[in-house]
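# An overview of the molecular structure
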Amino acid sequence: MATTISAVPFNGTKEQEQKLIELIAAHKGQRGALMPVLQGAQEIYGYLPIEVQKLVAQHLEIPLEEVYGVSTFYSQFTLNPKGKYKISVCLGTACYVKGSGDVFAKLGECLGIQGGECTNDGKFSLDACRCVGACGLAPVMTINDEVTAAMGVSEPYCTNYQTLVYPADRAADFEGLTSLEGLSIAVESGSAGEDAAEELGATTVPVQSQANTLMEVASGTSDAAVIDVLMAAEMTGEGTSYGDLVYDLNLNDMRAEASEFYGVGFRKGSDLVDAFNEFWKQAVADGTVEQIAATYGLQDAVILE
Ligand code: FES
């Protein structure tokens, strides 16, 4: 298990603390009280951050070193929270022989974390698991308990980031923004755009889809919308249904957050990854990609090298 202390801020509530203190009181003085207390603590908080370990040590009246030693010795305990997106790669035999070990290593490299850890922004956690009963799709991983066949992925061909869409006649109001505080911003519920708008201090208006956010802005119900730049390029400006809306600002840059990269996923083991890479290389070389990108206003998004 990962024994590093999580950098994700601890967000325990008073209610959780009260529950933990009651649990400790019920076990205090018993032999071997530490194990059931730590199991209960993990049920209450989902993990065992140092703040919880200190509470356990204090109320059981035992050294913190002892609590830490047990918390890190048994694999059932974790010192890291789970992310908003819980990724678990199956390292069962059928998946492992089909390369799930490589998938696990690559994910760790891309996210900058090891198995059992969570990214500092609390978004992604990575774990290894045993057979999830989908060996026919091997190699597989689960994302928030949903099984997905692990894939081979092409080289990245496109970038994406969150951008702000607003009425063209209000452009002066949005120039030089460094925060979205005081603005009512339409976002797709549960999307990266919602995260971005909240982080930048907006009052968010969650709706069902990115297209709906544009309706909100066009009807004047919200000041602006935060959506993917790829979507903004296709749906706003001259010749579109939202000709009066424009987009500007890379909100990922404003939040010092990296842009996303898109690749195409194929079932691992097929030769389509190489075929796609070759096709893309040729289409870039003969100018087809650049031409298509210019037609749809996506020059900044496609990767031309
Ligand atoms: S070994 Fe991975 S799903 Fe069975």
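This section reports on the structure supplied with the text. Quick caveat, the model's predicted, so the values are computed rather than measured. Numbering of residues starts from 1 in every chain and runs along the sequence as written. Where local features are concerned, this predicted model is filtered to residues with pLDDT of at least 70; where side-chain atom pairs are given and counted, the filter is 80 or more; whole-chain, interface and lining totals use all residues.

## Thoughts on the sheet that holds strand E2 (residues 117-118)
Put simply, the test is: By definition, two strands form a pair when at least two bridges between them are found by DSSP. Helix and strand assignments come from DSSP, with helices taken as H or I runs of at least 4 residues and strands as E runs of at least 2, each series counted from the N terminus. Two residues qualify as being in contact provided that their C-beta atoms, derived from the backbone, are within 7 Å of each other. The angle between two axes is taken between their N-to-C directions and runs from 0 to 180 degrees, where each axis is a line fitted to C-alpha atoms and a helix contributes only its stretch in contact.
Overall, mixed pairing links the five strands, which are arranged E2-E3-E1-E4-E5 in an open sheet. On the outer flanks of this sheet lie E2 and strand E5 (146-149), each paired with one strand and no other. The pairing of strand E1 (residues 85-90) with strand E3 (residues 124-129) spans six bridges and is classified as parallel. Counterpart to Cys90 in the pairing with E3 is Cys129. Sheet contacts for helix H6 (residues 100-111): E1, E3 and strand E4 (140-143); angle to E1, the most-contacted strand, approximately 150 degrees.

## Quick word on the sheet that holds strand E8 (residues 162-167)
The five strands are arranged E10-E9-E11-E8-E12 in an open sheet whose pairing can be described as mixed. At either end of the open sheet lies a strand with only one pairing partner, and these are strand E10 (203-207) and strand E12 (245-250). Pairs of neighbouring strands in the sheet enclose a mean axial angle of 35 degrees, with direction left out of account. Note: strand E9 (residues 184-188) against E10, five bridges, orientation parallel. Within E10, the residue paired with Ser184 across the bridge is Thr203. Sitting on the sheet, helix H8 (residues 192-199) is in contact with E8, E9, E10 and strand E11 (224-228), with an inclination near 155 degrees to E9. Across the sheet, helix H9 (residues 210-218) is in contact with E8, E9, E10, E11 and E12; its angle to E11 comes to roughly 160 degrees.

## Points about unusual backbone geometry
Spelled out, the test is: Neighbour density around each residue's C-beta defines its exposure: 20 or more other C-beta atoms within 10 Å make it buried, 12 or fewer make it exposed, and counts between make it partly exposed, where C-beta atoms are placed from the backbone.
In the segment running from Ala138 into Pro139, the intervening peptide bond is cis, with an omega of 0 degrees. With respect to the helices, strands and loops of the structure, Pro139 is situated in the loop between E3 and E4. At Glu61, a residue that is not glycine, the phi angle is positive and equals roughly 55 degrees. Looking at where Glu61 falls in the secondary structure, it is placed in the loop between helix H3 (50-60) and helix H4 (64-73). Not every positive phi belongs to a glycine, and Leu249 is a case in point at roughly 75 degrees. Structurally, the position occupied by Leu249 is in strand E12. Accessibility expressed as a C-beta count within 10 Å gives 23 for Leu249, which makes it buried.

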